[in-house]
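Coordinate analysis (summary)
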Amino acid sequence: MPSAVNVHARALPGYPGPRHWRQVPVTGQHYVDVGSGDLVLFLHGNPTWSYLWRSLLGTLSSDFRCIAPDLAGFGLSPRFLKPQRGADCLEQQLACLDHLFHHLTDVQGLPACRWTLVVHDWGGPIGIAWALRHPGVVARLVVLNSVAFPWPAGYRLPMHMRWIRDSAPAAALARAGNVLPRAAVRLRVVRRLSEAERMAYLLPFADAQNRGTVVEFVQSIPQGDGDPVWRLLKAPDAESSIARLPIFIGWGMRDRLFTPAVLDEWIRRFPQARVRRYGDAGHFVMEDAGGELDRHVRDFLLGA
């Protein structure tokens, strides 16, 4: 992946400047650190990186300490030396989150409790699996078009995703042509992104060797209720359950990947959640809903 020192801030419109860029010494994982107050941890999904959070970072950093890492193999974070798929892929990401956690608490002196977790796409299963292993750390949860349980009855993964997941030739073509990131910045939004914004999203995937993690994540999408990925999301004991946490769910209703049926399952499992539906937003709800979503998340975190 491109290193932070080789990326000019002007190529990333709206993103916090280099003085807010940090690295975890053990893994080299890149993260943004901006603001002060109670900690909010942002976890993106595939095929994105922490650039996705730039608007929320700007809104929340006046009241909260915002930490937005690039998952290993995305953004400005290096790839794994031994890529994995399925549950092993998630285990690698969980190990990196552990290193980030100990860096923030042991070295940076941040508290090891009262964290808010904000998740999108693959950030959901990764973040919630991590929270279940660290009971007491996460105090609030913000979910944006994600999943953390087996697909609801009748759900069908879009055909192009099934092709890439299940066919090695299709996966190779997707990687060679940078298909998923290019499609995402055009088809997973309703509001047209500017050319500069699209280029910023695509910057980490400009080189073919940096696209492997994108395809590996698609190949890791669970195929059934018994898939090992889902087992990572089962609470090991009653104390680690997230069922009692305050939860905000913000949902782009025009998402073809995480459909309204997935939202309905969130509501069924977590009836205490505060839910906001954004009718003119797609998968990248933080792009399409813009300031409206930002205000709703801020109000939730401030107890309004």
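Read on for an overview of the structure. (Residues numbered from 1 in each chain as written. Predicted model: local features only at pLDDT ≥ 70, side-chain atom pairs only at ≥ 80, totals over all residues. Heavy atoms only, no water.)

Of all the five residues making up strand β4 (residues 65-69), five are buried; the element is thus mostly covered by neighbouring parts of the structure. The two faces of β4 match: R65, I67 and P69 on one face and C66 and A68 on the other face are all buried. Of the strand pairs in this sheet, strand β3 (residues 39-43) and β4 are connected by three bridges, and their pairing is parallel. Note on β4: the bridge partner recorded for L39 is R65. (Buried < 20%, exposed > 50% of the residue type's maximum accessible area, 1.4 Å probe, protein only. Helix = DSSP H or I, 4+ residues; strand = E, 2+ residues; numbered from the N terminus. Pairing = 2+ DSSP bridges.)

In this structure, V262 and W266 are the most contacted members of the largest nonpolar core, which totals 64 residues. Top contributing element to this core by residue count: helix α2 (residues 86-107), with eight residues. Counting residues in hydrophobic clusters, the runner-up holds 39 residues, among them A68, L144, A200 and L301. (Core = buried A, V, L, I, M, F, W, Y, C linked by side-chain atoms within 4.5 Å.)

Within the sequence span of helix α6 (residues 179-187), burial applies to L180, P181, A184 and V185. One side of α6 carries all its buried residues, which in axial view fall inside an arc of 125°. Buried residues along α6 sit against α4 (159-166), α7 (195-202) and α8 (212-219). (Arc of directions from axis to C-beta. Contact = heavy atoms within 4.5 Å.)

We now examine the sheet that holds β3. The mixed open sheet is built from eight strands, whose spatial order is β1-β2-β4-β3-β5-β6-β7-β8. On the outer flanks of this sheet lie β1 (21-23) and β8 (274-278), each paired with one strand and no other. Averaged over all neighbouring strand pairs, the angle between strand axes comes to 20°, with direction disregarded. Here three bridges tie β1 to strand β2 (residues 30-34), and the two strands are oriented antiparallel to one another. Bridge pairing in β2 links Q23 to H30. Contacts from helix α12 (residues 290-301) reach β3, β5 (115-121), β6 (138-146), β7 (247-252) and β8, with the element oriented near 160° to β6. (Axes fitted to C-alpha atoms, helices over the stretch in contact; angles between N-to-C directions.)

Charged atoms that come close allow side chains of opposite charge to pair. Evaluation of the coordinates by the stated rule reveals 13 salt bridges. Close ionic contact of D166 with R165 constitutes a salt bridge, the shortest N to O distance being 2.8 Å. According to the relative accessible area criterion, R165 is buried, its value standing at 14%. Note that R268 and E265 form a salt bridge whose closest N and O atoms lie 2.7 Å from each other. Highlighted residues: R268 and E265, both in helix α10 (residues 260-269), separated by three residues, approximately one helical turn. Ionic contacts of the salt-bridge type, sharing partners, join the residues R54, R191, E197 and E287 into one network. (Salt bridge = Lys/Arg side-chain N within 4 Å of Asp/Glu carboxyl O.)

Going through the model one piece at a time under the given rule, you end up with 19 aromatic pairs. Geometrically, the ring pair formed by F42 and W53 is tilted, given 5.2 Å between the ring centres and 50° between the ring planes. In this pair, F42 is assigned in strand β3 and W53 in the loop between β3 and α1 (54-60), connecting sequence segments 11 residues apart. For W53, a relative accessible area of 0% gives the class buried. Following the ring pairs from residue to residue traces out a cluster consisting of Y15, W21, W49, Y51, Y201 and F284. (Phe/Tyr/Trp six-rings, centres within 6.5 Å; stacked < 30°, edge-to-face > 60°.)

Right, let's talk about the pairing of β2 for a bit. Within β2, five of the five residues are buried, which leaves the element mostly enclosed by the surrounding structure. Of the two faces of β2, the one lined by H30, V32 and V34 and the one lined by Y31 and D33 are each fully buried. From the end of β1 to the start of β2, which pair antiparallel, there are six residues, and G28 there has a positive phi angle of about 75°. Note: β2 against β4, four bridges, orientation antiparallel. Bridge assignment links Y31 to a residue of β4, and that residue is P69.

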